[in-house]
Amino acid sequence: MKEYPEHSIQYFIDDWWITDQAFDLRRGRLLWAFLPHMDQQPMILVPEGRASPTDHSKANYRIEPFQIKKSHEHPKLPIAALPSYTGEVRAVYRVKERPVLVVGSEPPEVPKRQRVGGAAWQFRPYILVAPYYGAEFSGKTGGWSSDFVERVQKCEYPQYMWDKLPEKINSSILRLDHIQPMGTEPIAYKWTPFCLGCDALKILDEWVQWLMTGCLQSDGVLDFFRKELPELE
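Since the model is a prediction, treat every value here as computed from it, not as a measurement.

Cut-offs applied
- Residues numbered from 1 in each chain as written.
- Predicted model: local features only at pLDDT ≥ 70, side-chain atom pairs only at ≥ 80, totals over all residues.
- Heavy atoms only, no water.
- Helix = DSSP H or I, 4+ residues; strand = E, 2+ residues; numbered from the N terminus.
- Buried < 20%, exposed > 50% of the residue type's maximum accessible area, 1.4 Å probe, protein only.
- Contact = heavy atoms within 4.5 Å.
- Areas by Shrake-Rupley, 256 points an atom, 1.4 Å probe, with all protein chains shown as cover.
- Phe/Tyr/Trp six-rings, centres within 6.5 Å; stacked < 30°, edge-to-face > 60°.
- Core = buried A, V, L, I, M, F, W, Y, C linked by side-chain atoms within 4.5 Å.
- Salt bridge = Lys/Arg side-chain N within 4 Å of Asp/Glu carboxyl O.
- Pairing = 2+ DSSP bridges.
- Patch = residues over 30% accessible without salt bridge, like charges linked within 9 Å, V, L, I, M, F, W, Y side chains within 5 Å.

Considering the overall build of the chain
- Along the chain, the regular secondary structure elements total three helices and 11 strands.
- Walking the chain from its N terminus toward its C terminus, one meets helices and strands in the order β-β-β-β-β-β-β-α-β-β-β-β-α-α.
- Relative to its full complement of 233 residues, the chain shows a buried share of 34%.
- For the chain, long-range pairs separated by at least 24 residues make up 67% of all intrachain contacts whose partners lie at least 6 apart in sequence.
- For the chain, the exposed surface amounts to about 14800 Å²; the carbon and sulfur share of it is 53%.

This is the structure:
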């Protein structure tokens, strides 16, 4: 059993994490996946020309900041690996393998008879996940200050949820404001047998509602916990 500090909501919940060997993508399932880090300044890949006039498999590119008010119409190059489409650009992100939490239920498959006339990618299933980030502060890169982490433990912010993950010693922070789609094919993630327990999942739902609406469920566990804790200085 994880040892949680007394000022964290996990301390008061039995079986915050449970194990379940079913190979599913249920809400509350812990996975590992490569997810993009969302920067405030998006970067795009800009084609400059083919590396060789006769080679359609290679091209030269540069990376530049994306500005929505600026035209990003670039010459289309017949490159097999990176085809160009009208009105689209190629975004560039930093990605890293991280623990992620499934926060949305797995959608039902669209019947084949209803997919007629649409592009295949429009019907591929995705689930919504949120990434965990290490909370330990190194003084150089990553992590947060101990004061901030304590505030997250006390549920001060709707976008951050602190936790200690199974099989990990250090603490982590779940960023609900980084919820994003992930493919459901097994090639997209690494499965783990760990899931949030029933009570923990209810708190997660309250937390997501808090972030999405700006309001806490008045009779919920999260609201009660925040009111019962000593006021933050």
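Back to the write-up after that little detour.
Observations concerning helix α1 (residues 146–153)
- Of all the residues in α1, the buried ones are F148, V149, R151, V152 and Q153.
- Buried positions along α1 lie against β8 (160–164), β9 (171–175) and α3 (221–228).

Side note on the packing of aromatic side chains
- Scanning the entire structure with this criterion turns up 10 aromatic pairs.
- On the numbers, 5.9 Å between centres and 80 degrees between planes, the contact of Y4 with W162 is edge-to-face. One end of the pair, Y4, is in the segment before β1 (17–19); the other, W162, is in strand β8, with 158 residues separating them in the sequence. W162 carries the same exposure label as Y4, and that label is buried.
- Centre to centre, the rings of W207 and W210 are 6.3 Å apart; their planes meet at 40 degrees, and the pair counts as tilted.

Side note on unusual backbone geometry
- Even without being a glycine, D15 presents a positive backbone phi close to 55 degrees.
- Along the polypeptide, D15 turns up in the segment before β1.
- In this structure, C155 is a non-glycine residue whose phi angle is positive, near 65 degrees.
- Mapped onto the secondary structure, C155 falls in the loop between α1 and β8.

A short note on the nonpolar core
- Counting residues in hydrophobic clusters, the biggest one holds 34 residues, and the most contacted among them are W16, W17, L204 and W207.
- Elements with a contribution of two residues or more to this core: β7 (126–134), α1, β8, β9, β11 (190–196), α2 (198–213) and α3.
- Among the elements that take part in this core, α2 stands out by supplying seven residues, more than any other.
- L25, L31, V100 and I127 belong to the second largest nonpolar core, which has 10 residues in total.

Topic: the pattern of salt bridges
- Tallied over the full model, the rule gives 13 salt bridges.
- Across the pair D39 and R94 runs a salt bridge whose closest N-O atoms are separated by 3.5 Å. With D39 in the loop between β2 (29–37) and β3 (43–52) and R94 in strand β6 (residues 94–102), this pair connects stretches of sequence that are 55 residues apart.
- On the basis of relative accessible area, R94 is assigned to the exposed category, the value being 53%.
- The salt bridge involving K190 is made with E97; its shortest N-O contact spans 3.0 Å. Note that K190 is positioned in strand β11 and E97 in strand β6, a separation of 93 residues in sequence.
- Through salt bridges that share partners, D20, D24, R26 and R29 make up one connected network.

Here's the deal with the pairing of β8
- Of all five residues making up β8, four are buried, and the element is well covered by its neighbours.
- Alignment of β8 against β9, held across five bridges, turns out to be antiparallel. The residue bridging M161 from the neighbouring strand is L174, located in β9.
- Counting the residues in the hairpin turn of β8 and β9 gives six residues, including E167, whose phi is positive at 65 degrees.

Observations regarding a nonpolar patch on the surface
- A cluster of nonpolar side chains, F34, M38, Y93 and V95, forms an exposed patch at the surface whose accessible area comes to about 410 Å².
- Looking at where M38 falls in the secondary structure, it is placed in the loop between β2 and β3.
- Its relative accessible area of 39% is what places M38 among the partly exposed residues.

A word on the pairing of β6
- Strand direction decides the pairing type here: β2 and β6, joined by eight bridges, are antiparallel. Opposite L30, over in β6, you have L101 as the bridge partner.

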